[in-house]
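Residue strings, one per chain:
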Amino acid sequence: MRIACPACAAAYEVPDRLLTGPARTLRCSRCGADFALPQVEAVAEPVIAEPEPSPPVVAAPREPLAVAATAPTRPPPPVMRPESLPPTPPPEVPDAPPAGLVRAWVASIVVVLAAVLSLLVFHAKVMEVWPASTRLFAALGLA
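Parameters and conventions
Per-chain numbering applies: the sequence of each chain, read as written, is numbered from 1 onward. Where totals are concerned, whole chains, interfaces and linings use all residues; where local detail is concerned, this predicted model gives features only for residues with pLDDT of at least 70, and gives and counts side-chain atom pairs only at 80 or more. To get the side-chain values, take all heavy atoms of the structure and skip hydrogens and water. Segments assigned H or I by DSSP are reported as helices when at least four residues long, segments assigned E as strands when at least two residues long, and all are numbered from the N terminus. Exposure is judged per residue with a 1.4 Å probe applied to protein chains only, and the accessible area is read against the type maximum: over 50% gives exposed, under 20% gives buried, and values in between give partly exposed. Per-residue and other accessible areas follow the Shrake-Rupley method at a 1.4 Å probe size, with only the shown protein chains counted as cover for residues. Contacts were defined at the residue level, with two residues in contact if any of their heavy atoms lie within 4.5 Å. Here, nonpolar core refers to any group of buried Ala, Val, Leu, Ile, Met, Phe, Trp, Tyr and Cys residues whose side-chain atoms link them within 4.5 Å. Every case where a carboxyl oxygen of Asp or Glu lies within 4 Å of a side-chain nitrogen of Lys or Arg is listed as a salt bridge.

**Points about the overall build of the protein chain**
Scanning the protein chain for helices and strands turns up four helices and four strands. The linear arrangement of helices and strands in the protein chain, starting from the amino end, is β-β-α-β-β-α-α-α. Split into buried and exposed, the 143 residues of the protein chain put 9% on the buried side. Per element, the accessible surface of the protein chain, about 13400 Å² overall, is 66% carbon and sulfur.

**Regarding the environment of His123**
Relative to the elements of secondary structure, His123 occurs in helix H3 (residues 123-129). Taking the C-alpha atoms as reference points, His123 and Leu142, 19 residues apart in sequence, are found 7.7 Å from one another. Leaving out residues up to four positions away in the same chain, His123 has contacts with Phe137 and Leu142.

**Some thoughts on the nonpolar core**
For soluble globular proteins, the rule of thumb is that nonpolar side chains tend to be buried together. Counting eight residues, the largest nonpolar core consists of Ile3, Cys5, Ala10, Val14, Leu19, Cys28, Phe35 and Leu37. Those residues in contact with Cys28 that lie beyond four places of it in its chain are Cys5, Cys8, Ala10, Tyr12, Ala33 and Phe35.

**Details of the pattern of salt bridges**
By the definition in use, this model includes three salt bridges. Measuring nitrogen to oxygen at the nearest pair gives 3.2 Å for the salt bridge that ties Glu13 to Arg2. Of this pair, Glu13 sits in strand S2 (residues 11-13) while Arg2 sits in strand S1 (residues 2-4), and the two are 11 residues apart along the sequence. Across this residue pair, the class does not change: Glu13 and Arg2 are exposed. Across the pair Glu128 and Lys125 runs a salt bridge, and its minimum N-O distance is 3.8 Å. With Glu128 and Lys125 both in helix H3, this residue pair falls three residues apart, about one helical turn. Its relative accessible area of 59% is what places Glu128 among the exposed residues. Note on Lys125: relative accessible area 49%, which makes it partly exposed.

**A word on unusual backbone geometry**
A positive phi angle, near 65°, is found at Ala9, a position not held by glycine. Its place among the elements puts Ala9 in the loop between S1 and S2.

Structure representation (structure tokens):
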């Protein structure tokens, strides 16, 4: 049943089974007004008569289907035994990394070593140009 608040006209859908019984007071959740619930008489649900059971149906016996004499017959599928399967080759494992990868690693190591060596050789010039590096070289004992 649809109930509307008399103060603000907010509409609410309330199941009929909740409206039966003693009179109640409702509070609107929109405006907070209290109002009396309209009295509803219990409505009996319509009774649906169950249909009478029908007599069992007896099927006539069937004749087996005749197989046509010209129907081709398929041979059964071959049975695969593990010993009759071809051997699977083991997965290939690369012996060495690709040459390009090795060259890249070597080049990276050479660049890092060259940078460290140049810092050690030219530490006085680096400290002159970049005074903050003096603390680093002092910690290494080169200042």
